[in-house]
Amino acid sequence: MTKTSFNEGWSVRPWASIFAALGGSRPPALPVTLPHDAVLDLDRDPTNEPEHAYFPGGAFEYSKTIEVPVEWRDKRVSIVFEGIYRDAMVFVNSALAGQRPYGYSSFTVTLDPFLRYGQTNTIRVDARVHNDSRWYSGGGIFRDTHLVVSDLVHMAEDGVVVTTPDVARDVTAVEVAVTIRNDSTATDSVRVDVQLVGPDGIVCAQATAPITILAADGAVTRLRLYVRSPALWGVDHPQLYRAVVTAKREDAVIDERTVVFGIRRLQLDPMNGLRLNGEVVTLRGACIHHDNGILGAATIGRAEERRIELLKAAGFNAIRSSHYPASSSMLDACDRIGMLVIDEAFDMWAQGKSAFDYSLNFTDWWERDIEAMVAKDRNHPSVIMYSIGNEIPETGDPHGSALGRRIAEKVRSLDATRYVTNGINGIVSTLEEVLAATSRESADGVNDVLADDTGVANPMNAAEFVTRRTEESFSVLDVAGMNYGEARYELDRELFPNRVIVGSETFTAQIALGWDLVERLPHVIGDFTWTGFDYLGEVGLGRHAFADDKDTFLGAYPWVAAWCGDLDLTGYRRPQSYYREIVFGLAAGPYIAVLRPSRRERVAQATQWAWTDSTSSWTWDVEAGTVLSVEVYADADEVELLLNGVSLGRKDAGRSVAFRSAFDVPYAHGELVAVAYSHGHEQARSTLRSASGDTILRVSPDRRRVTADHRDLVFVTVELRDAAGTLVTSDDRVLTAEVRGSGVLQGFGSARPSTTEGYRTGTHTTFEGRALAIVRPIGEGPIVLTVSGDELGPVDVEMDAVAAGTAVPM
């Protein structure tokens, strides 16, 4: 079998009916390399939905030609699509060959019945995006594609499954189940060989077995191998093995696969919580949407990897894919880096949340989509739980609970080695009773209730009617996922002593409260904040608004981002990220955050998803003496603030004040210093300095050598600095980025949450001194990025795209 990337050589254009095509009114097709987001190129408009970042929907047609040799007549040929958003229809030589309504499922399209051997064949994919998502979905073939050519007797797609049923420090049993398909008209026998290769690259176990497969049938052989003194996979030491599986007829190899896996043991109980390899692990979790910021929905491998790297560096050890099955690229990165995963299947079941969403297809397709998710996940050691839904209204209804039981049991029938959860929000499950109990006649969506600054939502999750109506839905789960349900944590320890809980979604503003509960209650195994990484759509969810603003619950145009992530759209850490790291006990501080001056003049109203409107800067375009609000985050007894060497006083710090001390400081150009004290002695200090003098353009790539592969990327930080290296946050400039040589500019933008600028034009304004350029290699050779701006630059950055195996981070 050969499995090769099928990402190159595509073109895309707006879909049109055959009548419009005959009339010649179609725009020309543009060449693209997958993964690709067709929506990101469309014009935003205030008449579109804020949930979708004011991008429109659309219908798109992708096409590609392929030469099919005569020799393939005795082969099996197929294409694996890892994800097409949405309502995908796949045509081969104008004949319908396959379809998939759900945008996040991997599926295989068999080409054989439609191919013209010895000729040029055309593959066409239609995708449609409408009012079918509660956030920015993007659209098109946004994940990888693969061309698979195999013999008539071959291993099935996803046909190698590795499990570790008995894990011990001295010896571990590894079972490799191999499914062989025989698409010929004769019974055949082959031999399956398995070699296990350890993290050190040395073969540590091997086995072989013959298998007979009847004509037009399939069969499974299970080989049990034993690894002595295994290197266990964990968050801190993500040791990975490879199972090299070969199918042979006599001495001829007819198929070969390599599967990466890890050896690890999971245990779960309400007394100890979650244990990984015998040690308690508390989930420091981040919910993340599927887009990659200024790249849109395009799931390019290096972008997925970078997100996981940045989240782990910020203190997270777990992610929840919210609310979609994660990409294979992301799971590969989690395996390599050591990030635990809750992989989530659906945002809706049969009851829709948008006018044209997946609920219209759910009844007919959910089993196949569950099968696709589990087949994708089951060899990944990073995946520890499957989530069967998010805030599903049916979970408060007996019929919905019965459906949840069917879904959970379907998952277990496919993979009994992982736990099953569901992100249940008691407010959603019982909304009619919640409205009655809060004396509301209606609400502008569930988020309107959750965001109520009276704090009614969280206590309401502990109401008796919520307990009663959600009991069965929770009972079908291994782990009770609770969205904004902290009020249940202690209550459920008494009501349901065998219930294990995870805070599957929690408010940014309640970091310290939620984590204190996790630390005190062993049956609560972790907390997943909304959200780890900022995302497109649900615009302004974390903003600070004012009474005289004309915004609704979400931000008015031109808001583009949710603005509630610990990391912003470009991957830079916001103040709440540093605060969370201190709450987690991973850092002590001090960290200085300054509220933006424009936010002091009027009283702002913020949702529960908002953090203070602050940034870590002491460069402000305000008059001297203007009073600014300053927060200092520290795990210490006291913190002292000094401005240009003069003490502004000391304040209590640490757990007693939720690790957050507030000061009012008259602005003066110079140096602001925070000093943390414990037991009367200085523990640490941090400093902010005002920028001064000329602004300098600094351009820094994350690597100068990159693999000449379209799945790789170079992320280039663009900053405005003064001569001393201080970030200039108050003098943003319009910059232009251009790429020459063996690369293209894949994206250029900033983290500004409200902007009319796009990310594909090559021109963008910095946001508080920063922007990000993303370069994609298109072949071997030198790449030059040039960045320039008003009275700045140009600055050239040279990179080199080299053959696979020779790229080294520099």
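Before reading on, note that the structure itself is shown above.
An account of the accompanying structure is given in this report. (Residues numbered from 1 in each chain as written. Predicted model: local features only at pLDDT ≥ 70, side-chain atom pairs only at ≥ 80, totals over all residues. Heavy atoms only, no water.)

**Some details on the environment of Phe-584**
Let me state the cut-off plainly: Secondary structure elements are taken from DSSP: a helix is a run of H or I of four residues or more, a strand is a run of E of two residues or more, and numbering for both begins at the N terminus. A contact between two residues is defined here by any heavy atoms of the two lying within 4.5 Å.
For Phe-584, the location among the structural elements is in the loop between helix H13 (575–583) and strand S30 (591–595). Residues Phe-584 and Phe-316, 268 residues apart in the sequence, show an inter-C-alpha distance of 9.2 Å. The residues touching Phe-584, leaving out its near neighbours within four places in the chain, are Arg-284, Gly-315, Phe-316 and Trp-515.

**Looking at the sheet that holds strand S25 (residues 419–424)**
The test is simple: The rule for pairing is simple: two strands pair if DSSP sees at least two bridges between them. Only the stretch in contact is used when a helix axis is fitted, and all axes are lines through C-alpha atoms; the angle between N-to-C directions ranges over 0 to 180 degrees.
If you trace the eight strands once around the closed barrel, you get S21-S22-S23-S24-S25-S26-S27-S28, paired in parallel fashion. Strand-to-strand, the axes of this sheet are offset by a mean angle of 25°, without reference to chain direction. In this structure, strand S26 (residues 480–483) lies alongside strand S27 (residues 501–506), joined through three bridges in parallel fashion. Paired with Gly-481 across the strands is Val-502, a residue of S27. Sitting on the sheet, helix H3 (residues 328–337) is in contact with strand S21 (283–288), strand S22 (318–321), strand S23 (340–344) and strand S24 (383–390), with an inclination near 160° to S23.

**Points about the nonpolar core**
Looking at soluble globular proteins, one finds that nonpolar side chains tend to be buried together. Note the following rule: What is meant by a nonpolar core is a set of buried Ala, Val, Leu, Ile, Met, Phe, Trp, Tyr and Cys residues, joined one to another through side-chain atoms within 4.5 Å. Exposure classes here rest on a 1.4 Å probe applied to the protein chains alone. A residue is buried below 20% of its type maximum, exposed above 50%, and partly exposed in between.
Counting 153 residues, the largest nonpolar core has Trp-10, Tyr-62, Phe-81 and Leu-283 as its most contacted members. Sorting elements by how many residues they give to this core places helix H4 (residues 359–377) first, with six residues. Excluding residues within four positions of it along the chain, Leu-283 makes contact with Leu-274, Asn-317, Ala-318, Leu-340, Ile-384, Met-385, Val-502, Trp-515, Ile-525, Gly-526, Asp-527 and Phe-528.

**Observations concerning the pattern of salt bridges**
This is how the line gets drawn: For salt bridges, the criterion is a side-chain nitrogen of Lys or Arg within 4 Å of an Asp or Glu carboxyl oxygen.
One pass over the full model with this rule turns up 61 salt bridges. Of the charged contacts in the structure, one is a salt bridge between Arg-655 and Glu-519, with a shortest N-O distance of 3.5 Å. Note that Arg-655 is positioned in the loop between strand S35 (646–652) and strand S36 (660–666) and Glu-519 in helix H12 (residues 511–520), a separation of 136 residues in sequence. Look at Arg-655 and you get exposed, because its relative accessible area is 52%. Here Glu-519 falls in the partly exposed class, since its relative accessible area comes to 43%. A single network of salt bridges, built from pairs that share partners, joins Glu-490, Arg-493, Asp-516, Glu-519, Arg-520 and Arg-655.

**Observations regarding the sheet that holds strand S13 (residues 188–197)**
Spatially, S14-S13-S16-S17 is the arrangement adopted by the four strands of the open sheet, whose pairing is antiparallel. Two strands bound the open sheet, and with one partner strand each, they are strand S14 (203–213) and strand S17 (252–261). Strand-to-strand twist in this sheet, taken as the mean axis angle between neighbours without regard to direction, amounts to 15°. Alignment of S13 against strand S16 (residues 241–249), held across seven bridges, turns out to be antiparallel. Its bridge partner lying in S16, Arg-191 is registered against Lys-248.

**Things to note about the packing of H12 against H13**
The line we're drawing: Orientation categories follow fixed angle ranges, with anything under 35 degrees roughly parallel, anything over 145 roughly antiparallel, 65 to 115 roughly perpendicular, and all other angles oblique. For any pair of crossing helices, the crossing counts as left-handed if the nearer helix is rotated counterclockwise from the farther one by less than a right angle, and right-handed if it is rotated clockwise. Think of it as three bins: nonpolar holds Ala, Val, Leu, Ile, Met, Phe, Trp, Tyr, Cys and Pro, charged holds Asp, Glu, Lys and Arg, and polar takes everything else, Gly as well.
It is at 10 Å that the axes of H12 and H13 come closest, and there the two elements cross at 25°. With respect to H13, the axis of H12 lies roughly parallel. In the packing of H12 onto H13, the handedness of the crossing is right-handed. Residues Ile-511, Ala-512 and Trp-515 of H12 pack against Gln-576, Tyr-579, Arg-580 and Val-583 of H13. Looking at the contact of H12 with H13 residue by residue, the classes come out as five nonpolar, one polar and one charged.

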